[in-house]
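Residue strings, one per chain:
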Amino acid sequence: MADSVKVALLGCGAVGSEVVRLLHEQADDLTARIGAPVELVGIAVRRAGRDRSDLPVKPDLFTTDALGLVKRDDVDVVIEVVGGIEPARTWLVEALRAGKSVITGNKALLAEDGGSLHDAAAEGGADLYYEASVAGAIPLLRPLRESLHGDRITQVTGIVNGTTNFILSAMDATGAGFSEALEEATALGYAEADPTADVEGFDAAAKAAILASLAFHTRVRAADVYREGITEVSAADVASAKAMGCTIKLLCIAGRTADGGVSVRVHPAMIPRTHPLAGVGEAFNAVFVEAEAAGQLMFYGRGAGGAPTASAVLGDLVAVGRNRLAGVRAASESAYADLAVHPMGEVRTRYHVSLDVADRAGVLASVAGVFASHDVSIATVNQSGRGAEASLVIVTHSAPDSALAATVAELRQLDFVRAVASVLRVEF
Ligand SMILES: NC(=O)C1=CN([C@@H]2O[C@H](COP(=O)(O)OP(=O)(O)OC[C@H]3O[C@@H](n4cnc5c(N)ncnc54)[C@H](O)[C@@H]3O)[C@@H](O)[C@H]2O)C=CC1
Ligand SMILES: N[C@@H](CC=O)C(=O)O
Ligand code: NA
């Protein structure tokens, strides 16, 4: 039997504690699968002295000096499940340059500056694996970076944030309030340390950047991704979606454009209840990948939570451990295509626009005229009266996002438009 694979674990929260538990419970199988035992040589935590007696490890493994642990000569592999940009980037660049393989679930860092990590991995001849960073337990990045490398991916669409899916599902199913559902998602270990990252769409945008980078062989960063969260989605929007036979989901949509570029976006959208993504409830994730030869593939499973995410980390550990024993490393980053990422204004989609207007003659015609002046074609209009006021719900045909934005800006200026109650994109 070969020498053990020595692992440093950075972070022991929702995911890290499950990594520790699984390493202990599955020690024999991991040894057989890798061909050498895995030895946990240190665990970096933020606070010393906390009672961690429930974890199956000796207390002397814990340290508050993560950088010191990463630099130790006896460390082969670093697992980072702390999150955030710094100091995680410093630790991981240090490890990779020194030839230590890295496994991370840190999508924020990968989407902000994955280039530095890939460069450091190439410099140090080390592996960089991050299956946990997108869609938790679902094997998605390995299929994109290996299985589908012989094909041409055209589109990646899906639900990649468990917390917001949990909240939207609860709002749709039980009429639960936003804050109450967020509290529950946090208690279940789904939410980020700062749940703003989830509800404002930053987490999904980071994942969209990682997916697009792999799918299109192009470095796509979080800043390239159009992002809207779910904080503006109201109970009225959910009811309006229901009335149309739809539900609201936070979608990630990355696709090739007609001129050879790509567009990458994250925003809430109404989707028909008959679409497979509509049935994805709770903290589950689902991603469709469309490739020219393969056709449509669907990946579904637990996208958040300590144990599911730890499963992805351990899968990466087996791959990294095997590579080390064989003296090889995984293929390096593939970013040769370097495609242009287009702004949201150029993306075409359909819209659901809800207006509160004065209920008087000529209002409907004037509203329709504003849409027409921006070349946004109306598919349906529904009006319901409320005394002197009325609610107008307009669904458009496909139009560029910039045209819809200009339409809404003009509508807001009209004296008979009391409020633009909501603007939601409609997909599928
Ligand atoms: N919870 C989930 O469902 C998933 C989480 N992830 C990612 O995994 C990472 C960890 O997530 P969670 O475990 O949920 O977060 P968490 O907040 O439960 O755990 C992070 C731990 O890191 C510790 N920490 C903070 N600064 C530290 C430092 N300087 N040195 C050592 N430890 C430090 C914190 O005290 C905390 O215990 C994040 O990057 C997150 O985005 C990825 C997929 C799913
Ligand atoms: N906060 C994230 C955790 C997994 O990536 C989510 O809710 O999906
Ligand atoms: Na995954």
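Just so it is clear, the structure is predicted and the values come from calculations on it, not from any experiment. (Residues numbered from 1 in each chain as written. Chains lettered and ligands numbered in written order. Predicted model: local features only at pLDDT ≥ 70, side-chain atom pairs only at ≥ 80, totals over all residues. Heavy atoms only, no water.)

Some details on the coordination of the sodium ion (ligand 3)
To keep it simple, the criterion reads: Because no water is among the atoms considered, metal sites can look incomplete, with donors defined as N, O and S atoms within 2.8 Å of the metal, or 3.2 Å for Na, K and Ca. Per-residue accessibility, obtained with a 1.4 Å probe over protein chains only, is compared with the maximum for each type, and a residue is labelled buried under 20%, exposed over 50%, and partly exposed between these values.
The coordination sphere of the sodium ion (ligand 3) contains the protein donors Glu131 (O), Glu131 (OE), Val134 (O), Gly136 (O) and Ile138 (O), at a distance range of 2.5 to 2.7 Å. When the donor residues of the sodium ion (ligand 3) are listed from N- to C-terminus, their spacing reads E-x2-V-x1-G-x1-I. For Glu131, a relative accessible area of 6% puts it in the buried group.

Observations regarding the confidence of the model for the chain
Counted only if it meets this: Across the chain, each position has a pLDDT score giving the predictor's confidence in that residue, from 0 to 100.
In the predicted model, the chain carries a mean pLDDT of 96, and 100% of its residues have values of at least 70. At the level of chain-chain contacts, confidence expressed as ipTM amounts to 0.99, with global pTM at 0.97.

Thoughts on the site of ligand 1
What counts is decided by this rule: By convention in these notes, a residue is near a molecule or strand provided one of its non-hydrogen atoms lies within 4 Å of it. Polar contact is defined as a pair of N or O atoms within 3.5 Å, subject to the rule that within protein one atom must be able to donate a hydrogen and the other to accept it, and that residues adjacent in sequence are counted only when both atoms are side-chain atoms. Here, Shrake-Rupley sampling with a 1.4 Å probe gives the accessible areas, and only protein chains in the shown set may cover a residue. Just so you know the grouping, Ala, Val, Leu, Ile, Met, Phe, Trp, Tyr, Cys and Pro go in nonpolar, Asp, Glu, Lys and Arg go in charged, and all remaining residues, Gly too, go in polar.
In the vicinity of ligand 1, 21 residues are found, and the nearest of them are Ala14, Val15, Lys107, Glu192 and Gly305. Between Val15 and ligand 1, the recorded distance is 2.9 Å, taken from a backbone N or O atom to an oxygen atom. If ligand 1 stood free it would expose 820 Å²; the protein chains cover 84% of that surface. The residue makeup of the shell around ligand 1, split by class, is 10 nonpolar, 8 polar and 3 charged.

Focus on the site of ligand 2
As a reminder of what qualifies: Working definition: helices are DSSP H or I runs of at least four residues, strands are E runs of at least two. Numbering for both runs from the N terminus.
Every residue close to ligand 2 is listed here: Lys107, Asn161, Gly162, Thr163, Tyr190, Ala191, Glu192, Asp198, Asp203, Lys207, Gly303 and Ala304. In the model, a nitrogen atom of ligand 2 is placed 2.7 Å from a nitrogen or oxygen of the Asp198 side chain. The contact in question runs from an oxygen atom of ligand 2 to an N or O atom on the side chain of Lys207, over 2.7 Å. Burial of ligand 2 by the surrounding chains reaches 94%, relative to a free accessible area of 250 Å². For the shell around ligand 2, the secondary-structure elements that each account for two or more residues are α7 (162–174) and α10 (202–216). Residues that form the shell around ligand 2 fall into these classes: 3 nonpolar, 4 polar and 5 charged.

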